[in-house]
Structure formats: structure tokens, C-alpha cells
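# Structural features, examined
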Amino acid sequence: MKKYLLMNGPNLNMLGIREPEIYGTTTLATIQDMVVAHGAERGVQVDCFQSNHEGALIDKLHEAHTAYDGVVYNPGAHTHYSYGIRDAIGSIDTPVVEVHISDVDAREPFRAISVVAPACVAQIKGHGIDGYCEALDGLLEGWSTRLGEGFDTRTSGQVIVGGTF
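All figures in this text were calculated on a predicted structure; none of them were measured in a lab. (Residues numbered from 1 in each chain as written. Predicted model: local features only at pLDDT ≥ 70, side-chain atom pairs only at ≥ 80, totals over all residues. Heavy atoms only, no water.)

### Focus: the packing of aromatic side chains
Enumeration according to the criterion identifies 0 aromatic pairs in this entry. Geometry around Tyr68 places Lys3 over its ring, the cationic atom sitting 5.1 Å from the centre. (Phe/Tyr/Trp six-rings, centres within 6.5 Å; stacked < 30°, edge-to-face > 60°. Lys NZ or Arg CZ within 6 Å of the ring centre and 35° of its normal.)

### Remarks on helix 3 (residues 54–67)
Every α-helix winds through 3.6 residues per turn, so residues three or four apart in the chain are directed the same way. When the terminal C-alpha atoms of helix 3 are compared, their 20 Å separation across 14 residues agrees well with the 20 Å that a helix rising 1.5 Å per residue should span. Among all positions in helix 3, only Leu57, Ile58, Lys60, Leu61 and Ala64 are buried. The buried residues of helix 3 occupy an angular sector of 160° when the element is viewed end-on, so they sit on one face. Turned more than 90 degrees away from the buried face of helix 3 sit Asp59 and Thr66, all of them exposed. Tucked into the core, helix 3 has its buried residues touching strand 1 (3–8), strand 2 (45–50), strand 3 (70–74), helix 4 (83–90) and strand 4 (96–100). (Helix = DSSP H or I, 4+ residues; strand = E, 2+ residues; numbered from the N terminus. Expected span 1.5 Å × (residues − 1). Buried < 20%, exposed > 50% of the residue type's maximum accessible area, 1.4 Å probe, protein only. Arc of directions from axis to C-beta. Contact = heavy atoms within 4.5 Å.)

### A look at the pattern of salt bridges
Throughout the structure, instances matching the rule amount to 7 salt bridges. The salt bridge involving Asp137 is made with Arg42; its shortest N-O contact spans 2.9 Å. Highlighted residues: Asp137 in helix 5 (residues 130–141) and Arg42 in the loop between helix 2 (28–41) and strand 2, separated in sequence by 95 residues. For Asp137, a relative accessible area of 22% puts it in the partly exposed group. The class of Arg42 is partly exposed, set by a relative accessible area of 38%. Arg86 serves as the salt-bridge partner of Glu149, at 2.1 Å between the closest nitrogen and oxygen. Taken as a pair, Glu149 in the loop between helix 5 and strand 6 (159–161) and Arg86 in helix 4 lie far apart in primary sequence, 63 residues in all. (Salt bridge = Lys/Arg side-chain N within 4 Å of Asp/Glu carboxyl O.)

### Things to note about the environment of Ile85
Here Ile85 lies in helix 4. C-alpha separation for the pair Ile85 and Leu61, spaced 24 residues apart in sequence, amounts to 8.3 Å. Among all residues touching Ile85, those that are not within four sequence positions of it are Glu54, Leu57, Ile58, Leu61, Tyr73, His78 and Val116.

### Topic: the packing of helix 3 against helix 4
Contact geometry of helix 3 with helix 4 gives a least axis separation of 9 Å together with a crossing angle of 5°. Relative to helix 4, helix 3 is oriented roughly parallel. Across from Glu54, Leu57, Ile58, Leu61 and His62 in helix 3, the residues of helix 4 making contact are Gly84, Ile85, Ala88 and Ile89. (Axes fitted to C-alpha atoms, helices over the stretch in contact; angles between N-to-C directions. Parallel < 35°, antiparallel > 145°, perpendicular 65-115°, else oblique.)

Okay, structure coming up:
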């Protein structure tokens, strides 16, 4: 059976409490249950991991290299500045999809910058919690080509914002 990893970074353990006007009232536990069930419906196993610590997230990405067929990952604030996370994603062959509940491009200017996206095979933002299942579906469809540098200036079928490709 294929195995996938659902990862969530810093402060995502506070979903349901943290800024509900932006992130909604759904808890991380509910999202994890939803994605695990979505995977089971498709005949795959989904394991879940969340940490507020960059090193623990990097270690889990390294583990994913041999333990998982793909990673659905909401890096939270690490999106905008963590070259360590970016390098960890770039160092493994396992495809990673970056997910954001909100449309980070429509928020504060610093949130529009993703240093991790070029190492990922897709980026989904602004689809709410459904983006997590969309990411898993994309991995199951075989998304495997990294976005690469300059992805945001090209037309890309794997940068999904607000319901459109």
C-alpha cells in the first residue's frame, strides 16, 4: 500500500482557535481525520505530523525520502523564510505539495513569497481545508516535476489559486 505524509508546520496546531476569520474554525485534528479518510477511500495510507520546530520538520522530510510516496505540506510561516525547509524538500526525491488554507497572495505582502515552492511539485493556496485533499489527489495523479525557480512568472498547471489552475 502506498503511504503519504500530511505535514503541518508552526502554529497550525492552533487551527480552530487562531484567526478564525482567516483560517476558519476547523481544527487540525479534524483536517487530519479528513485527509486520512480521503486517502483510505483511494486505497492509500496517510500518516500525520505537526511540529512548531523547524529541525523536527526537516528530520521528518528526510525520513520521507524512503518512507513515503509523497508529502502534503503546509509549512506555515516557514514558507516565507526557511531555506532549511526548502533544502530538505530539495534533498529528497519524494514529491512534496505546498498547501495553504488562505490565499497568501491576497494577504500581507511578505506572505506572497514562498522560498519552499520551487522545491515542491505544486502549490495550492486559498482553497481552504479542501486544498489538503486536492494536494493528495495531485500526488496520486503523479505530480512529480518540481516547480523550479521563476515558477511564479510562468503559466503553471500546478500552482492552484482560488479554484483555478
